[in-house]
Amino acid sequence: MSSMSRARVARRIAAGAAYGGGGIGLLGAATVGVVLAELQLAKRQVGHGPSPHPPSADGLYGYAYAGAEEPLRLTMLGDSTAAGQGVHRARQTPGALLASGLAAVAERPVRLRNVALPGAQSDDLDRQVVLAVGDPDGLPEVCVIMVGANDVTHRMPATRSVRHLSAAVRRLRTAGAEVVVGTCPDLGTIEPVQQPLRWIARRASRQLAAAQTIGTVEQGGRAVSLGDLLGPEFEANPRELFGPDNYHPSAEGYATAAMAILPTVCAALGLWPAAEERPDVSRREGFLPVARAAAEAAAEPGTEVTAAMPTGPRGPWALLKRRRRRRVPATDPARDPAAHQAADAAPGSTTDSAAGPARDSSPAGSREPSA
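We now turn to the structure provided with this report. These numbers come from a predicted model, not from an experiment.

The rules we used
- Along each chain, numbering runs from 1 in the same order as the chain's sequence is written.
- The model is predicted, so local features are restricted to residues of pLDDT at least 70 and side-chain atom pairs to those at 80 or more, both for listing and for counting; the totals for chains, interfaces and linings are taken over all residues.
- Only hydrogens and water are removed before side-chain values are computed, so all heavy atoms of the structure are retained for them.
- What counts as a helix is a DSSP run of H or I of at least four residues, what counts as a strand is a run of E of at least two, and both are numbered from the N terminus.
- Every angle, taken between N-to-C directions, lies between 0 and 180 degrees, and every axis is a line fitted to C-alpha atoms, over only the stretch in contact when it is a helix.
- Geometric relationships in this document are graded by angle, where less than 35 degrees denotes roughly parallel, more than 145 denotes roughly antiparallel, 65 to 115 denotes roughly perpendicular, and other angles denote oblique.
- Rotating anticlockwise by less than a right angle from the far helix to the near helix defines a left-handed crossing, while the corresponding clockwise rotation defines a right-handed one.
- Residue contacts are defined here by distance: any two heavy atoms, one from each residue, within 4.5 Å place the two residues in contact.
- We call Asp, Glu, Lys and Arg charged. Ala, Val, Leu, Ile, Met, Phe, Trp, Tyr, Cys and Pro are nonpolar, and the rest, Gly among them, are polar.
- Relative accessibility thresholds used throughout: buried, under 20% of the residue-type maximum; exposed, over 50%; partly exposed, between the two (1.4 Å probe, protein chains only).

1. Quick word on unusual backbone geometry
Despite not being glycine, Glu 107 has its phi angle at roughly 50°, a positive value. Tracing the backbone shows Glu 107 in the loop between α4 (94-106) and β3 (110-114). Positive phi outside glycine occurs at Arg 284, with the angle close to 60°. Looking at the secondary structure, you find Arg 284 in the loop between α11 (251-268) and β7 (286-289).

2. Some words on the packing of helix α5 (residues 125-133) against helix α7 (residues 158-175)
The description of two packed helices rests on the angle between their axes and on the distance between the axes. In contact at an axis separation of 9 Å, α5 and α7 are set at 15° when each is read in the N-to-C sense. Put simply, α5 runs roughly parallel to α7. As for how α5 packs across α7, the hand of that crossing is right-handed. Packed against α5, whose contacting residues are Leu 125, Asp 126, Val 129, Val 130, Ala 132 and Val 133, the element α7 presents His 164, Leu 165, Ala 168, Arg 171, Leu 172 and Ala 175 at the interface. Here the contact of α5 with α7 is built from residues that sort into nine nonpolar, one polar and two charged.

3. Some thoughts on the environment of Cys 184
Mapped onto the secondary structure, Cys 184 falls in the loop between β5 (178-182) and α8 (197-218). On the basis of relative accessibility, which here comes to 1%, the residue Cys 184 falls in the buried class. On a C-alpha basis, the gap between Cys 184 and Gln 207 in space is 9.1 Å, while along the polypeptide they are 23 residues apart.

This is the structure we're talking about:
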């Protein structure tokens, strides 16, 4: 499918979400029988390895900077990829990686709260937004949403999926939070999935990711493509980038995603160098109609799309950026900074440079995998 065709499909889905349409799905009726048969085969192969509960990563990061300024507040929303299902330690989750990286860039502590729910579809964002804006510690400065995989696997109409995501972005932006959305991952990279389901899943994932980008940007958020960022790397090295259940990312997979999202989180908060905010022609960055930018982002690894100009004859415009990835430290939360400072003073204690000492946060059980 060409970039222009993808742009038209994405725009049609986003328009249906905005104006109340509900009949535009991700899969044609003629393919449903084949898909269902392939899904039954895939289910027997995917998800039979261990899939632990996501470790709790809530807490303070960059506690070495505590006292200088009030902590920045970061909230994660979405499904199991936002929660970090598939890894065993808090520091391996995307929320912990982003909080540690943000603290290092801002030279300021970051308080992380994760309200994501494994198995969630986009309609659960309504509930999660209520938790985020009602945080007793205060409104988050920035929210990161990672959602969409379960919408595809449960065949939620794309218009409905994007409608819920757009509403969540709008409510968070209206409340005063910056919003970064990691769009739907490429489900065509799950190793045991065979053709034709692999092709259908890939196409559906990309269509939803492009439509999510349009909905996010039109509500004042920023979108980062995750599907094709992880896709080629997952296909080339699935044993390293997928977790033990062959479905959720491994620690290295989450680190790859966090490296792509972190620069956009920093840019949203005004922490990125101003010179890097200008389009770099050598990196094929520039201003495009939002649907065209969304289509290109869905097929490009780690591409960011953000609103840029008022609506014109060809619709809203956006800035397409291909930011350089930033490696992030893997550190655990300091839930009690005073206790960590005392531990630091103890003989033989060791710590990481910008956050608390590495402490395992092993899960207490396991559950069936659900993105």
